[in-house]
Amino acid sequence: SVATANFNGSYSSTKMHLLNDFIVKNDIDIIFLQEIRHTDFSVIYNYNAYVNVGTESLGTAILTKMGIKLEDIEKLPSGRGIKITYNKYVFMNIYAPSGSNKRSERNLFFQNDIEYFLRDLPAHCILGGDFNCVLRREDCTGDFRPSNTLQQLTTSLQLTDAWTTKHKTPGYTFFTGKSASRLDRFYVTRALTPCLQRMEVLPTPFSDHAAVNMKIKLDVKFLTMGRSYWKMNISCLQNMDVIENFKTEWQLWQMRKNKYKDVAYWWDLYIKPNVCRFFKQNSYQRYRNEENLLNFHFRCIREIQQHYKQSPERSALMNRHKAKITTIFRKRM
């Protein structure tokens, strides 16, 4: 599973936890991030972060699951590109200059920086990121101004748009009140086209862009992490109903003390498992209620994205659902 998402610049601990939840829930092996202003990704557990914040202060990053040992890393000085090599596969993440006023700068970026980045193009290459332009009329609802430079680049290198191999309809990733565009996408070399299995657009509450997730079958083995130790969620102790229920249980547990040869056995064999079970049940119930609410908001965002109509009200409604998701995570933290 390889995903790409625009992180939208600003940093906060809430956004990082939203990113971590997004990666875990979608079981992503490698994720490309654009518009990065920081280098600390320690919140993202069991992943290595390779970050390139260069001279323009808006960089790129690639996060890989533990066990993916890289052979080579290359970075553009501007911060707008980072390339890693794993086994025989090359992964390249780019962030093109944005805005109609930077059209010339964007063309030079594709013509010079990316063409150099793609020198000696290997047979197995995945190019992804935020291209900030489109090549097909159906990939935007507003003014259509294709990038001829990018078109020439993809044609000369025989790169395939991964989305179009699986979908006939556009998968918009950037929405405003006036238009929608498919700015975020993947290109793959011809040898990898038969390996593509599934493409999907996923809502991201930490960004104004949607993410693109690509399932691709590669001839490598990724490390699978096992279950970690249980840790009690101490926020349960702030709930008075939980405290009162625990006191009731505790009185019942006390009555079992004489069934064990001493207090140590009673504590290890009876009390500790029951304390664990009690707080797991309470935490799980609260978590399930929160997850149901989160899933509702995600479904609403996905529905708006899939049936997008140019309307400021639609954009405002989508932002309200994202704000609700962020509020739930902030309370969790």
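The structure this text deals with has already been given above.
Here we summarise the structure given alongside this text. Every chain's residues receive numbers from 1 upward, in the order its sequence appears when written. In keeping with the predicted nature of the model, local features appear solely for residues at pLDDT of at least 70, side-chain atom pairs appear and are counted solely at 80 or more, and the whole-chain, interface and lining totals rest on all residues. Note: side-chain values were computed over all heavy atoms of the structure, leaving out hydrogens and water.

**Here we look at the pattern of salt bridges**
The salt bridge criterion pairs a side-chain nitrogen of Lys or Arg with a carboxyl oxygen of Asp or Glu, the two atoms within 4 Å. Across all of its chains, the model carries 13 salt bridges by this definition. Across the pair K25 and E291 runs a salt bridge, and its minimum N-O distance is 2.6 Å. With K25 in helix α1 (residues 13–25) and E291 in helix α5 (residues 263–306), the pair connects residues that are 266 residues apart, well separated along the chain. A 1.4 Å probe rolled over the protein chains alone gives each residue an accessible area, and that area as a share of the maximum for its type sets the label: buried under 20%, exposed over 50%, partly exposed in between. Residue E291 is classed as buried on the basis of its relative accessible area of 11%. Residue E244 pairs with K247 through a salt bridge whose shortest N-O separation is 3.8 Å. Of this pair, E244 and K247 both sit in helix α4 (residues 240–254), three residues apart, roughly one helical turn. Where salt bridges share partners, they join R136, E138, D139, D161 and R182 into one cluster. Numbered from the N terminus, helices here are DSSP runs of H or I no shorter than four residues, and strands are runs of E no shorter than two.

**Brief notes about the packing of aromatic side chains**
Aromatic rings from Phe, Tyr and Trp, taking only the six-membered ring of Trp, are treated as a pair when their centres fall within 6.5 Å; an angle between ring planes under 30 degrees marks them as stacked, one over 60 as edge-to-face, and anything in between as tilted. Inspection of the entire model under this criterion finds 15 aromatic pairs. Considering the side-chain rings of F7 and F206, the 5.9 Å spacing of their centres and the 35 degrees angle between planes classify their relative orientation as tilted. Here F7 is found in strand β1 (residues 2–9), whereas its partner F206 is found in the loop between β13 (196–202) and β14 (211–216), with 199 residues between them in sequence. In this structure F7 comes out as buried when scored by relative accessible area, which is 0%.

**So, the sheet that holds strand β7 (residues 89–95)**
At least two bridges found by DSSP between two strands is the condition for calling them paired. Strand order in the open sheet formed by six strands is β5-β6-β7-β8-β12-β9, and the pairing between neighbours is mixed. The sheet is open, and its two edges are formed by β5 (72–75) and β9 (159–161), each paired on a single side. The mean angle between the axes of side-by-side strands here comes to 20 degrees, regardless of whether they run parallel or antiparallel. Sheet analysis places strand β8 (residues 125–130) next to strand β12 (residues 184–189), joined by five bridges and oriented antiparallel. Counted as the bridge partner of G129 is R185 from β12. Helix α2 (residues 103–117) rests against β5, β6 (81–86) and β7 of the sheet, and its axis sits at about 155 degrees to β7. To get an axis, a line is fitted to the C-alpha atoms, and for a helix only the part in contact is used. The angle between two axes follows their N-to-C directions and goes from 0 to 180 degrees. Working rule for contacts: check all heavy atoms of both residues, and any pair within 4.5 Å makes them a contact.

**So, the environment of I62**
Positionally, I62 belongs in strand β4 (residues 59–65). Among the residues examined, I62 registers a relative accessible area of 0% and is labelled buried. With near-sequence residues (within four places) excluded, I62 lies in contact with I30, I31, F32, N48, A49, Y50, I82, I84, F91 and N93.

**Some points on the packing of α4 against α5**
The interhelical angle for the contact between α4 and α5, taken along N-to-C directions, is 155 degrees, at an axis separation of 11 Å. Compared by their axis directions, α4 and α5 come out roughly antiparallel. In terms of crossing hand, the pair formed by α4 and α5 is right-handed. Along its contact with α4, which presents V242, N245, F246, E249, W250, W253 and Q254, the element α5 presents W266, W267, Y270, I271, N274, V275, R277, F278, F279 and N282. All residues other than Ala, Val, Leu, Ile, Met, Phe, Trp, Tyr, Cys, Pro, Asp, Glu, Lys and Arg, Gly among them, are scored as polar; the first ten of these are nonpolar and the last four charged. Class assignment for the residues of the contact of α4 with α5 results in eleven nonpolar, four polar and two charged. Any angle that falls under 35 degrees is termed roughly parallel, while one over 145 is termed roughly antiparallel, one within 65 to 115 roughly perpendicular, and all others oblique. Should the near helix be turned anticlockwise from the far one by less than a right angle, the crossing is termed left-handed; should it be turned clockwise, right-handed.

**With respect to the environment of A162**
With respect to the secondary-structure elements, A162 resides in the loop between β9 and β10 (174–175). Owing to a relative accessible area of 0%, A162 belongs among the buried residues under this scheme. Considered as a pair, A162 and D208 are 46 residues apart in the sequence and their alpha carbons are 22 Å apart. Discounting residues that sit within four places of it in the chain, A162 has contacts with F186, L196, M199 and M214.

**Quick look at α4**
Here α4 spans 21 Å end to end across 15 residues, near enough to the 21 Å set by a 1.5 Å rise per residue. Within α4, burial applies to V242, I243 and W253. Axial view of α4: buried residues confined to an arc of 95 degrees, hence all on one face. Of the exposed residues in α4, those oriented more than 90 degrees away from the buried face are M240, D241 and Q251. Looking at the buried residues of α4, the elements they touch are α5. Expected helix span is computed as 1.5 Å times (number of residues minus one). Arc definition: directions from the helix axis to the C-beta atoms.

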